[in-house]
Amino acid sequence: MVEKVNRQQKEENPIITILGPTASGKTKRAVTLAEVWGAEIISADSRQVYRNMDLGTGKDLEEYGDIPYHLIDICDAGEKYNLHRYIKDFRTALKLIRNNAANCIVCGGSGMYLENALADIELPDVPQNRELRKKLESKNLDELSEILKTYKSLHNTTDIDTPKRAIRAIEIGEYYRNNPDLAKNADRKNRNPLKSLIIGIEIPREERVERIDSRLRTRLENGMLDEIKSLIDKGIKPEDLIYYGLEYKYLTLHIIGKLSYDEMFHRLSIAIHQFSKRQMTWFRGMEKRGFHINWFPFDMDKDAFNSKVLKLYSEL
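Residues numbered from 1 in each chain as written. Predicted model: local features only at pLDDT ≥ 70, side-chain atom pairs only at ≥ 80, totals over all residues. Heavy atoms only, no water.

## Structural notes on the side chain of arginine 29
Now for step 1: Within the secondary structure, arginine 29 sits in helix α2 (residues 26-37).
Now for step 2: Of the side chains bearing the opposite charge, aspartate 299 lies closest to the buried arginine 29, which forms no salt bridge; the N-O distance is 6.2 Å. (Helix = DSSP H or I, 4+ residues; strand = E, 2+ residues; numbered from the N terminus. Buried < 20%, exposed > 50% of the residue type's maximum accessible area, 1.4 Å probe, protein only. Lys, Arg positive; Asp, Glu negative; His and termini not counted. Salt bridge = Lys/Arg side-chain N within 4 Å of Asp/Glu carboxyl O.)

The structure is reproduced here in structure tokens:
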């Protein structure tokens with residue numbers, strides 16, 4: 001039985017973070033823990049923020065039951081949500097949960113969102129630099145990558161997977177160069193991280209591959225193509241859906257006639273497997289950058305999982 005604590009104690013309590021690659025069962029673990037711990041859940045998923053993008057983002061909202069959740073369905077499909085907005089929304093959600101005298105579980109697989117939220121960085125709202133964008137618009141992705149390297153080390157490929165993202169990353173780098181005080185607050189080395197017990201869900205590669213393909217087939221059978229067709233019918237441009245990547249990219253390419261169904265499934269399956277590998281690479285990088293992750297097997301008994309997590313939490 002989890003001992004009840006008063007509001008002041010709740011506001012000082014560390015949080016619990018549950019992370020892992022796609023199809024590892026993170027949400028179910030978070031929900032079962034929240035049920036016994038008296039917690040609300042903050043999602044750390046870069047695409048589940050969008051309304052009407054349900055099957056493609058794997059929201060599985062039915063898994064939450066009566067557990068309150070935050071940062072899911074908070075903006076319209078077609079918008080360009082970003083890290084700056086997430087950090088701001090994360091802080092608001094955490095404050096609300098603590099005002100509710102509840103515990104907090106952060107759950108998700110978007111490593112960049114997770115790491116920066118836990119690091120408690122301060123990100124300024126960087127405005128567009130139209131003059132800089134005009135200078136960069138004719139450059140290809142390789143040229144943009146070389147320019148970006150003059151602003152920062154490239155630890156991942158997120159900033160350079162499209163010219164649009166690379167230009168935005170350069171724009172941010174230029175803004176920080178001209179505003180060093182704001183850049184200092186955006187550097188996690190200058191921040192005190194949130195106190196959190198971090199639990200990682202570890203799943204063998206073979207099991208992960210099987211689960212990813214099975215889940216993809218199920219979501220297609222349940223109407224994922226219809227979901228994306230509906231978004232297009234509502235006026236969302238195909239290129240905006242392609243921007244979101246993975247399911248939305250490949251299913252949209254199929255819908256607009258650029259990929260056959262079999263090509264779509266094959267290429268999407270490969271892309272999701274590659275994505276899950278990148279997730280694990282990011283999490284291992286977090287460990288190197290000072291975040292201690294307690295790894296638990298994906299098939300651990302539910303009660304044993306909850307008991308061990310809460311025991312580790314009590315020892316913080």
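## Observations regarding unusual backbone geometry
What you tend to see is this: most non-glycine residues have negative phi, and most peptide bonds are trans.
Now for step 1: Positive phi outside glycine occurs at alanine 23, with the angle close to 70°.
Now for step 2: Relative to the elements of secondary structure, alanine 23 occurs in the loop between β1 (15-19) and α2.
Now for step 3: The phi dihedral of aspartate 60 is positive, around 50°, even though this residue is not glycine.
Now for step 4: With respect to the element layout, aspartate 60 can be found in the loop between β2 (39-44) and β3 (69-70).
Now for step 5: For aspartate 60, a relative accessible area of 26% gives the class partly exposed.

## A few points about helix α10 (residues 224-233)
Now for step 1: Of all the residues in α10, the buried ones are Met224, Leu225, Glu227, Ile228 and Leu231. Along the axis of α10, the buried positions cluster into a sector of 160°, meaning they face one direction only. Of the exposed residues in α10, the ones pointing more than 90 degrees away from its buried face are Asp226 and Asp233.
Now for step 2: Where α10 is buried, its residues meet α9 (205-221), α11 (238-243), α12 (246-255) and α13 (261-288).
Now for step 3: Immediately beyond the C-terminal end of α10, within one or two residues, lies glycine 235, with a positive phi of roughly 105°. (Arc of directions from axis to C-beta. Contact = heavy atoms within 4.5 Å.)

## Section: the confidence of the model for the protein chain
For any part of a model where pLDDT is low, the fine detail of the predicted coordinates should not be relied upon.
Now for step 1: Taken residue by residue, the protein chain gives an average pLDDT of 91. The fraction at 70 or more is 94%.
Now for step 2: Low pLDDT, under 50, characterises residues 1-9; the stretch is placed with nine contacts to residues that sit more than four places away or in other chains. (pLDDT = per-residue confidence, 0-100.)

## Examining the state of the cysteines
Now for step 1: With the rule as written, the count across this model stands at zero disulfides.
Now for step 2: No disulfide involves cysteine 75; its nearest neighbouring cysteine sulfur is the one of cysteine 107, lying 19 Å away.
Now for step 3: We classify cysteine 75 as buried; its relative accessible area is 2%.
Now for step 4: In this model cysteine 104 remains outside any disulfide bridge; the closest cysteine sulfur is found in cysteine 107, 11 Å from its own.
Now for step 5: Residue classification places cysteine 104 among the buried residues on the basis of a relative accessible area of 3%. (Disulfide = S-S within 2.5 Å.)

## Here we look at α2
Now for step 1: Taking 1.5 Å as the rise per residue, α2 with 12 residues should run 16 Å; its terminal C-alpha atoms sit 16 Å apart, in good agreement.
Now for step 2: Where burial is concerned, most of α2 is hidden: nine out of the 12 residues are buried.
Now for step 3: Taken together, the buried positions of α2 are Lys26, Thr27, Arg29, Ala30, Val31, Thr32, Leu33, Ala34 and Trp37.
Now for step 4: Contacts made by the buried residues of α2 are with β1, β2, β4 (103-108), β5 (196-202), β6 (293-297) and α14 (302-314).
Now for step 5: Positive phi appears at glycine 38, one or two residues downstream of α2, with a value of about 70°. (Expected span 1.5 Å × (residues − 1).)

## A look at the packing of helix α3 (residues 83-99) against helix α4 (residues 111-119)
Each pair of packed helices gets described by two things: the angle between the helix axes and the distance between those axes.
Now for step 1: It is at 10 Å that the axes of α3 and α4 come closest, and there the two elements cross at 50°. One finds that α3 runs oblique with respect to α4. Here the hand of the crossing between α3 and α4 comes out right-handed. The residues of α4 that touch α3, namely those facing Leu83, Tyr86, Ile87 and Phe90, are Met112, Tyr113, Asn116 and Ala117. (Axes fitted to C-alpha atoms, helices over the stretch in contact; angles between N-to-C directions. Parallel < 35°, antiparallel > 145°, perpendicular 65-115°, else oblique. Left-handed = near helix turned anticlockwise from the far one by under 90°.)

## Focus on the nonpolar core
Now for step 1: Ile42, Tyr86 and Phe283 are the most contacted members of the largest nonpolar core, which totals 61 residues.
Now for step 2: Other than its neighbours up to four places away in sequence, phenylalanine 283 contacts Leu19, Gly20, Pro21, Gly109, Gly111, Leu114, Ile293 and Trp295. (Core = buried A, V, L, I, M, F, W, Y, C linked by side-chain atoms within 4.5 Å.)

## A short note on the pattern of salt bridges
Now for step 1: Here the structure, examined in full by the defined rule, presents 17 salt bridges.
Now for step 2: Two residues, glutamate 146 and lysine 149, come together in a salt bridge whose shortest N-O distance is 3.2 Å. Of the two residues, glutamate 146 and lysine 149 both sit in helix α6 (residues 141-149), three residues apart, roughly one turn of that helix.
Now for step 3: The class of glutamate 146 is partly exposed, set by a relative accessible area of 47%.
Now for step 4: Judged by relative accessible area, which is 48%, lysine 149 ranks as partly exposed.
Now for step 5: Ionic pairing is found between arginine 168 and glutamate 171, a salt bridge with its closest N-O pair at 2.5 Å. With a gap of three residues between them, arginine 168 and glutamate 171 both fall in helix α7 (residues 163-178), about one helical turn apart.

## Focus: the packing of aromatic side chains
Now for step 1: For the coordinates displayed, the defined rule picks out eight aromatic pairs.
Now for step 2: On the basis of an interplanar angle of 40° and a centroid distance of 6.0 Å, the ring pair of tyrosine 86 and phenylalanine 90 is categorised as tilted. One end of the pair is tyrosine 86 and the other is phenylalanine 90, both in helix α3 and four residues apart, which spans about a single turn.
Now for step 3: Classification of tyrosine 86 by relative accessible area gives buried; the value is 0%.
Now for step 4: An aromatic cluster is built from Tyr81, Tyr86, Phe90 and Tyr113, whose rings are joined through pairwise contacts.
Now for step 5: One cation-aromatic arrangement involves lysine 80 over tyrosine 243; the distance from NZ or CZ to the ring centre is 4.7 Å. (Phe/Tyr/Trp six-rings, centres within 6.5 Å; stacked < 30°, edge-to-face > 60°. Lys NZ or Arg CZ within 6 Å of the ring centre and 35° of its normal.)

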